[in-house]
Amino acid sequence: MATSLLISNSPASADEEMDRLLEAALPHMHHSCESVLANYPDDEDAVAEIVRLMVAVSLFNREINVEEAVPDEALRETLRVEFIDRLEEICEIDPDTLLAGAVDIATKDALN
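Engineer: Help me out: how do you make sense of the overall build of the chain in this one?
Structural biologist: The helix and strand tally for the chain stands at six helices and zero strands. Counted from the first residue to the last, the chain has its helices and strands arranged as α-α-α-α-α-α. Evaluated residue by residue, the chain yields a buried proportion of 36% over its 112 residues. In the chain, the share of contacts with a sequence separation of at least 24, taken over all contacts with a separation of at least 6, comes to 71%. A total accessible area of about 6800 Å² is found for the chain, and carbon and sulfur atoms account for 51% of it.

Engineer: Help me understand the state of the cysteines in this model?
Structural biologist: One pass over the structure, following the stated rule, counts one disulfide. Residue pairing for cysteine 33: its cysteine sulfur links by disulfide to cysteine 91, the two sulfurs lying 2.0 Å apart. The S-S bond linking cysteine 33 to cysteine 91 shows a torsion near -55°; that makes this disulfide left-handed. In this pair, cysteine 33 sits in helix H2 (residues 33-39) while cysteine 91 sits in helix H5 (residues 73-93), placing the two residues 58 residues apart along the sequence.

Rules used in this analysis
Residues numbered from 1 in each chain as written. Predicted model: local features only at pLDDT ≥ 70, side-chain atom pairs only at ≥ 80, totals over all residues. Heavy atoms only, no water. Helix = DSSP H or I, 4+ residues; strand = E, 2+ residues; numbered from the N terminus. Buried < 20%, exposed > 50% of the residue type's maximum accessible area, 1.4 Å probe, protein only. Contact = heavy atoms within 4.5 Å. Areas by Shrake-Rupley, 256 points an atom, 1.4 Å probe, with all protein chains shown as cover. Disulfide = S-S within 2.5 Å.

Here you go:
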């Protein structure tokens, strides 16, 4: 579920990219861990895409380009697994947690 995000050196491009990400993610920001699964019960791809968008927003807000910060593909895969494990842990503890917040915490924890 982890995603890579390329951040341009151009502030205008970065702002445009953030606007695009937010526009795509905004309709899903109200979801809790539980409600996203309830709304997309048979569509793992839709849930994964929503999580990817939220990861992209989290990485963008932290000004992290995963491919630059973690150039080793095997390590990125390890971080992806750590992210998924942490997200599942957060959502299991409190299914009513906002998904965006859970994704942000899991992203931060996986990168630390």
